[in-house]
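Residues per chain, in single letters:
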Amino acid sequence: MDFRRWEREMDRMMDEFFGRAVRPWWPVWGREDREIVSPAMDVYEEKDEIVVKAELPGMKKDDIEVNISDSQLILKGEKKREEKIEEENYYRCERSYGAFYRAIDLPKEVQADKIKASFRDGVLEVRLPKSEEAKTREIKVKVE
C-alpha cells in the first residue's frame, strides 16, 4: 500500500471513529486536499453582546462567509493556495489550505438584524447584540 493510500485510509478511520474535528492540523507532504479543520475561536459575553473572534490567518475578507441560522452562528470559507509549486521543489509544507465550516450554538438569543462583523489582521470579530429578553437584569433586593 502506498503512503497516500494508507494516509487516506487512516483519515477515514479516524473520521468514522472520532469525527472530522480531531484530524491532525499539520499538513502531510505533497497532499493537495488540505483542509483547515476548525479555526481557533473565542466566544464570550459582554454586557449587551455575544462576541465571537476567530483566527483566520492568511485569508481575505471576500473568502469568508458569516451566517446566522436558528440559534447558531455559522462561519465558513476557503483559504486558497497562492501558487502551484511542484512537489519536488518543496523542502517543507506546513501552511494549510482548503475549506472550513464551523457552526456554534449561541448561548443567548440575539438580534439577528443588528449583527456586525469585521475582519482585521487575520481575525474575524462578530458582535451579536443580545435580545432584550436575553439581557441580564439586575434587581436590587432589600434585606430586612
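The following refers to the structure shown. This structure is a prediction, so every number in the text was calculated from the model and none was measured.

The strand order across the open sheet formed by 4 strands is β1-β2-β7-β6, and the pairing between neighbours is antiparallel. A strand with exactly one partner marks an edge of an open sheet, and here the two such strands are β1 (41-45) and β6 (116-120). In this sheet, neighbouring strand axes are inclined to one another by 15° on average, regardless of whether the strands run parallel or antiparallel. In this structure, β6 lies alongside strand β7 (residues 123-129), joined through 5 bridges in antiparallel fashion. Each bridged residue has a counterpart across the sheet, and for Ala117 the counterpart in β7 is Val126.

The next point concerns the pairing of strand β3 (residues 64-69). The side chains of a regular strand alternate between both faces of the sheet. With 6 bridges connecting them, β3 and strand β4 (residues 72-79) associate as antiparallel partners. Bridging from a neighbouring strand, Ile64 pairs with Gly77 of β4. Between β3 and the antiparallel strand that follows it, β4, lie 2 residues; Asp70 among them carries a positive phi value of about 55°.

Let us look at the sheet that holds β4. Sheet architecture is open: 3 strands sit in the order β3-β4-β5, paired in antiparallel fashion. Of all strands in the sheet, those bounded by a partner on one side alone are β3 and β5 (98-105). The sheet shows a mean angle of 15° between the axes of neighbouring strands, direction not considered. Where β4 lies against β5, 8 bridges are found, and the strand directions are antiparallel. When the sheet's bridge partners are listed, Leu75 is paired in β5 with Arg102.

Turning to the pattern of salt bridges, a few remarks are in order. What the rule picks out here adds up to 7 salt bridges. In this structure, Lys108 engages Glu45 in a salt bridge whose closest nitrogen and oxygen atoms are separated by 3.8 Å. Here Glu45 lies in strand β1 and Lys108 lies in the loop between β5 and β6, a separation of 63 residues in the sequence. We note a salt bridge from Arg127 to Glu125, for which the minimum N-O separation is 3.0 Å. Taking the relative accessible area as the measure of exposure, Arg127 reaches 21% and is therefore partly exposed.

A separate point is the nonpolar core. Grouped together as the largest cluster of nonpolar side chains are 17 residues, with contacts concentrated most on Val52, Leu56, Leu73, Leu75, Leu124 and Leu128. Of all elements in the fold, only β2 (49-55), β4, β5 and β7 reach the threshold of two or more residues within this core. Discounting residues that sit within four places of it in the chain, Leu124 has contacts with Val52, Lys53, Ala54, Leu56, Ile64, Val66, Leu75, Ala117, Ser118 and Phe119.

Tracing the backbone through its elements, the reader meets Gln111 in the loop between β5 and β6. Within the local environment of Gln111, its side chain forms a polar contact with the backbone oxygen of Lys130, the two atoms lying 2.8 Å apart. Residues within four places of Gln111 in sequence aside, it is in contact with Pro129, Lys130, Ser131 and Glu132.

Looking now at the pairing of β1. Pairing geometry for β1 and β2, over 5 bridges, is antiparallel. When the sheet's bridge partners are listed, Asp42 is paired in β2 with Lys53. Following β1, the chain reverses through 3 residues before pairing antiparallel with β2.

Calculation rules
- Residues numbered from 1 in each chain as written.
- Predicted model: local features only at pLDDT ≥ 70, side-chain atom pairs only at ≥ 80, totals over all residues.
- Heavy atoms only, no water.
- Pairing = 2+ DSSP bridges.
- Helix = DSSP H or I, 4+ residues; strand = E, 2+ residues; numbered from the N terminus.
- Axes fitted to C-alpha atoms, helices over the stretch in contact; angles between N-to-C directions.
- Salt bridge = Lys/Arg side-chain N within 4 Å of Asp/Glu carboxyl O.
- Buried < 20%, exposed > 50% of the residue type's maximum accessible area, 1.4 Å probe, protein only.
- Core = buried A, V, L, I, M, F, W, Y, C linked by side-chain atoms within 4.5 Å.
- Contact = heavy atoms within 4.5 Å.
- Polar contact = N/O pair within 3.5 Å; in protein donor to acceptor, adjacent residues only side chain to side chain.

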